[in-house]
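Report on the structure
Single-letter residue listing:
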Amino acid sequence: MSQKPVVLIAEELSPATVDALGPDFEIRHCNGADRADLLSAITDVDAILIRSATKVDAEAVAAARKLRVVARAGVGLDNVDVAAATKAGVMVVNAPTSNIVTAAELACGLIIASARNIAPANAALKNGEWKRNKYTGVELSEKTLGVVGLGRIGVLVAQRMSAFGMNIVAYDPYVQPARAAQMGVKLLSLDELLEAADFITVHLPKTPETLGLIGDEALHKVKPSVRIVNAARGGIVDEEALASALKEGRVAGAGLDVYAKEPCTDSPLFQFDNVVATPHLGASTDEAQEKAGIAVAKSVRLALAGELVPDAVNVQGGVIAEDVKPGLPLAEKLGRIFTALAGEVAARLDVEVCGEITQHDVKILELSALKGVFEDVVAETVSYVNAPLFAQERGVEVRLTTSSESPNHRNLVTVRGTLADGSEVSVSGTLAGLKNIQKIVGVGDVDTDLVLADHMAFLRYTDRPGVVGTLGRILGEVGVNIAGMQVARAAAGGDALVALTVDSTIPAGVLSDIAAEIGATSARAVNLTD
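Scoring rules and cut-offs
Residues numbered from 1 in each chain as written. Predicted model: local features only at pLDDT ≥ 70, side-chain atom pairs only at ≥ 80, totals over all residues. Heavy atoms only, no water. Pairing = 2+ DSSP bridges. Helix = DSSP H or I, 4+ residues; strand = E, 2+ residues; numbered from the N terminus. Axes fitted to C-alpha atoms, helices over the stretch in contact; angles between N-to-C directions. Contact = heavy atoms within 4.5 Å. 1 Å grid on protein atoms, 1.4 Å probe; cavity = no way out; pocket = protein on both sides within 12 Å on 5 of 7 lines; lining within 4 Å. Points joined across faces, edges and corners; volume = space filled by probe spheres on them. Nonpolar A, V, L, I, M, F, W, Y, C, P; charged D, E, K, R; others polar. Domains from an automatic or database assignment. Buried area = accessible area lost by both parts, 1.4 Å probe.

1. Here's the deal with the sheet that holds strand β16 (residues 424-432)
What the 6 strands build is an open sheet, ordered β14-β13-β15-β16-β17-β18; its pairing is mixed. Where the open sheet ends on each side, the last strands, each with one partner, are β14 (397-403) and β18 (446-451). Averaged over all pairs of adjacent strands, the angle between their axes in this sheet comes to 20°, without regard to strand direction. Across 6 bridges, β16 lies against strand β17 (residues 437-443) in antiparallel orientation. Bridging from a neighbouring strand, Val 427 pairs with Val 443 of β17. Across the sheet, helix α13 (residues 327-342) lies against β13 (348-355), β15 (411-418), β16 and β17, angled at about 155° from β16, the strand it touches most. Along the sheet face, helix α14 (residues 363-375) touches β13, β14 and β15 and points at about 135° away from the line of β13.

See the structure below:
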């Protein structure tokens, strides 16, 4: 059996995709559109690469016992159950910038094709008909183009069509007028745009709010000479309402690349000569497919290496600064130590980050600590993806606080929790020296200086002579070697903490024996290799 992670390619992707994955994976192939083939092939894979034909729903996620990544070589995720993947701890990634140029160019092409009746004129001529008068079109110059959605693709369309001498107006409630003005675009309300535009092009995501946005009511507000283009997502333009508007002469033409249900080969819209229709070709260029494949291949490499991925759609955190990355394993281990010390799930959890590192976005350190907190609490695999979900399900309030001030350490990470009885547990750590050695520098109100190890134990007791000797004797009797130890106390004869690292796991019964003999008020073992 191969020890390499298994990557399943479920649809035809650019050869550059496999090249970008490199030699570190076992590559398998299946027909993702064939349900039976998919469900049998996905059972033991670590990652799956798909396009739009493969449906990775809750059933597929449940069948994939080892799955860690779903990678969509493209933008849309209509065929991926992101919620089911998140609950299972599976990262979902896409290639959000791979096809923006390609999609924008197609939208521009549909605008031009609609304006000049290119599709029906082409069909007529190839059918032996010379109909110059029938297919007279309109110029784009000095016409008004209404861009609905001024995101990355909408901006590219606006830029390209302004070169044709078009006046550009847009509707986007999330764009500031000053920003639009810098691009030579005038922002309008949707109603104002519908009334003013000679051409309307849609560039919005498909959400409950945008579904049917250009519907019957909207299509009663437009000019009868308007031409409407949708190369974004099917359903944003209500196809039934558009067919009625075309039939009644309230809309002059349309260009469509997407449909409410796909594949779509039979639509009332196809009967109109003044509708140019393409089969969802927005991302279908060699360049876009190669960009998408390479992008998700790189994301898969990162994800399977245990790193966060900037293009992960179900992970908070974004791009990780290089200075932040060494803190990820530290924060995760501190989370595991916190859970061991607390012995329960906290009602409230604070992740505190102090020092120079806070000049960067450190949200990911909160996620990493949260991942560690639940690592030994739940039976399921815990990941950056589902750790926040576990916290939410258990009613844990999670907060991240930062401060540039760190008097004693260059950087400091503290995981602090309030338990159900109101008591507080905390553990602090730092990275020391050029080699970023992981250290515990605080447990509760006690300062420590102990290098993190795979096997550790923490005991609290009343300070008195002989405790260290007792510890050494009992551990020696069972063959557990002490690698490091620190005893810290606030005052002689008061509350004391012993923190120790050992070379192997301390059996639970042995730890109980030690606690009983030294009169420990708490005794917790931490094993970071499990």
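2. Some words on empty space enclosed by the protein
In total, this model carries 1 cavity of 30 Å³ or more according to the counting rule given. The space that makes up the largest cavity amounts to roughly 30 Å³. Lining the largest cavity are Phe 338, Thr 339, Glu 344, Val 345, Ala 346, Val 373 and Val 377. Per-class residue counts for the lining of the largest cavity are 5 nonpolar, 1 polar and 1 charged.

3. Regarding the domain arrangement of the protein
Interface size, as often reported, equals the accessible area lost upon joining of the parts. Domain boundaries assigned for the protein yield domain 1 (6-97 + 287-305), domain 2 (99-277) and domain 3 (326-527). Each of domain 1 and domain 2 was reduced to a C-alpha centroid, and the two centroids are 32 Å apart. Counting from both sides, the interface comprises 6 residues of domain 1 and, opposite them, 5 residues of domain 2. For the pair domain 1 and domain 2, the two sides together bury roughly 570 Å², of which 47% comes from carbon and sulfur.

4. A word on the pairing of β15
Along a regular strand, successive side chains alternate from one face of the sheet to the other. Across 8 bridges, β13 lies against β15 in antiparallel orientation. The partner of Asp 350 across the bridge, within β15, is Arg 416. Of the pairings in the sheet, the one linking β15 to β16 comprises 6 bridges and is antiparallel in character. Opposite Thr 414, over in β16, you have Ser 428 as the bridge partner.

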